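# Coordinates in review
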Amino acid sequence: MHQGQLFTQSGSLSDWQEQIGRYLIANSRLIFFACASLAGCLLELTHIAGGGLHLMGKSQSGKSTALFVAASIWGKGARDGQVRSWRHTGNGLEGIANETSDLCLILDEFGEASAKEIGDIIYMLANRIGKGRANQLGNARSVKTWRSIFLSSGEVTLDQKMGEDQRSSKMGQKVRFMEIPTDAGANMGLFENIHEFKEAGLFASYLQTQSAKFYGSVGLAFIENLCKARQQNEEYFKQELIQAIEQRTQELLSNHTTNKDGTIRTIAQRCALIEQAGLLAVEYEIFPFNQTIITQSVEQCFKDWIIHNPNMQEHEEKQMILHIKQYLETHGANRFIDITFADTDRTPHRVGYKKKNANGVFDYLILSESWKKEVCKGFDPLQMARILRDYHFLDLSQPDRMKQKVTIPSIGDIRCYIVKGSILNYE
């Protein structure tokens, strides 16, 4: 089936609202994934990186139903419509991602993905660019690009899938692939409210049937309203949107975690983006429920992600400490000047100085700009300093001041970060 045939419409917007939309009420996962299906339309406006949402849990728990409902936003909510399979090579998914750019890519049965390729595929889908290739003449082909929020479901986690190939997941992959437990805690799998249906299985069956019957109208209406808003005053609309996402990101972090940077902040920002898409859909009278339902559903899913990843913050902190340790192990001898010889040493590409402490071990005095632009490259410099402080690897004169004033021979007083040599014993 050609891609254009997948983006078709059946039934009216009021049909979707009456037969599907009203049944999403009081079901956080269904609301969250329906909002996420629209969020790809906001990526270009907000310049926020894409990423994935993955519902994981046991069979017959309602995972696929959430995908079918999300798929009905843009086209037929079925496996012969908008719901694709993870059983593709990276090259195959690259083409699909390109075709669904700024919309939504939906992939079911994560267990069928290639264990060997899945880590690279997660990076590829979230990083918005395919591989560079040469044509038959050896010239570079045009590289496929996209902006994407992709949705997934399966019975296994990313760790379990990569473990099939004796690999372990990296933090970069985890932040790009937000795993949410299917079980919503109401003893009905994914569902929290099955409305007038007698059991969850009947409710799931109904939603799947309706998603294959009424579809395509929601996405079309959303794009039409979004275009009107942009035409009226695009810069104002854009700034309002960005500010709302930033404010909500901070609220999610404040409500559920003490960590406001790095991995957890990226997940919170993605949730805030998804929430804004849902709020706009309510404002445009597309979703048949109020905005409070949107915010409560997003909050619940973010909270459940935090609960499901209790060691995420600890793991991220460990990665940051190990990053500094590795840098000092690699460059401690050749890019740090012994402060005793600072007035005569001509070390090229210097990043700081080192001096022996009372225990006869070198501590490392790192210059401010070198700290920001090189030593902490890839991380938030202030967060890095705070983590080292909390783990007692940063020498401080005052608890709230990360840098100290140090007198360097022939240079004078400078402010720098002093990393204790004991960090080299960290494991």
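Residues numbered from 1 in each chain as written. Predicted model: local features only at pLDDT ≥ 70, side-chain atom pairs only at ≥ 80, totals over all residues. Heavy atoms only, no water.

This next bit is on the packing of helix 3 (residues 28–39) against helix 12 (residues 262–283). Look at helix 3 against helix 12: their axes get within 8 Å of each other, and the N-to-C directions meet at 90 degrees. Classified by the interaxial angle, the pair formed by helix 3 and helix 12 is roughly perpendicular. For the pair helix 3 and helix 12, contact is made by Phe32, Cys35, Ala36, Leu38 and Ala39 and by Cys271, Leu273, Ile274, Ala277, Gly278 and Ala281, respectively. Residues that form the contact of helix 3 with helix 12 fall into these classes: 10 nonpolar, one polar and no charged. (Axes fitted to C-alpha atoms, helices over the stretch in contact; angles between N-to-C directions. Helix = DSSP H or I, 4+ residues; strand = E, 2+ residues; numbered from the N terminus. Parallel < 35°, antiparallel > 145°, perpendicular 65-115°, else oblique. Contact = heavy atoms within 4.5 Å. Nonpolar A, V, L, I, M, F, W, Y, C, P; charged D, E, K, R; others polar.)

The next subject is the pairing of strand 8 (residues 362–367). For strand 7 (residues 352–356) and strand 8, the ladder comprises five bridges, and the chain directions are antiparallel. Paired with glycine 352 across the strands is isoleucine 366, a residue of strand 8. Here strand 7 folds back onto strand 8 in antiparallel fashion, the turn holding five residues, of which glycine 360 has a positive phi close to 80 degrees. In this structure, strand 8 lies alongside strand 10 (residues 412–419), joined through four bridges in antiparallel fashion. In the strand pairing of strand 10, tyrosine 364 is matched with valine 419. (Pairing = 2+ DSSP bridges.)

Before going further, it helps to examine the pairing of strand 3 (residues 105–108). Burial of the side chains of strand 3 extends over both faces: Leu105 and Leu107 are buried on one face and Ile106 and Asp108 on the other. Handedness of the crossover is the feature at issue here: the chain leaves strand 2 (residues 83–85), passes through helix 6 (residues 90–99), returns alongside strand 3, and the resulting connection is right-handed. Sheet topology note: the strand 3/strand 4 (residues 149–154) ladder contains three bridges and is parallel. In the sheet register, leucine 107 faces strand 4, and the bridge partner there is serine 152. (Buried < 20%, exposed > 50% of the residue type's maximum accessible area, 1.4 Å probe, protein only. Right-handed = clockwise from strand over helix to strand, strands pointing away.)

With that settled, the discussion passes to the sheet that holds strand 5 (residues 177–181). Spatially, 2-3-4-1-5 is the arrangement adopted by the five strands of the open sheet, whose pairing is parallel. With one partner strand each, in any of the chains shown, strand 2 and strand 5 form the two edges of the open sheet. Pairs of neighbouring strands in the sheet enclose a mean axial angle of 25 degrees, with direction left out of account. With six bridges joining them, strand 1 (residues 51–56) and strand 4 adopt parallel strand pairing. By the bridge assignment, methionine 56 is partnered in strand 4 with glycine 154.

Glancing now at the sheet that holds strand 9 (residues 404–408). Pairing within the open sheet is mixed, and its five strands lie in the order 6-7-8-10-9. Sheet topology places strand 6 (336–338) and strand 9 at the edges, where each strand pairs with a single neighbour. Neighbour-to-neighbour, the strand axes of the sheet open up by a mean angle of 45 degrees, direction not taken into account. In this sheet, strand 7 lies alongside strand 6 in parallel orientation, the contact comprising three bridges. Bridge assignment links aspartate 338 to a residue of strand 7, and that residue is lysine 354. Along the sheet, helix 15 (residues 368–375) contacts strand 8 and strand 10; its crossing angle with strand 8, the most-contacted strand, is approximately 90 degrees.

Counting 80 residues, the largest nonpolar core has Phe32, Phe33, Leu151 and Phe287 as its most contacted members. With 12 residues, the single largest contributor to this core is helix 12. Excluding its chain neighbours within four sequence positions, the residues that come into contact with phenylalanine 287 are Trp16, Ala34, Cys35, Leu38, Ile73, Val218, Gly278, Ala281, Val282 and Ile294. Counting 23 residues, the second largest nonpolar core, distinct from the first, contains Ile366, Ile387, Met402 and Tyr426. (Core = buried A, V, L, I, M, F, W, Y, C linked by side-chain atoms within 4.5 Å.)

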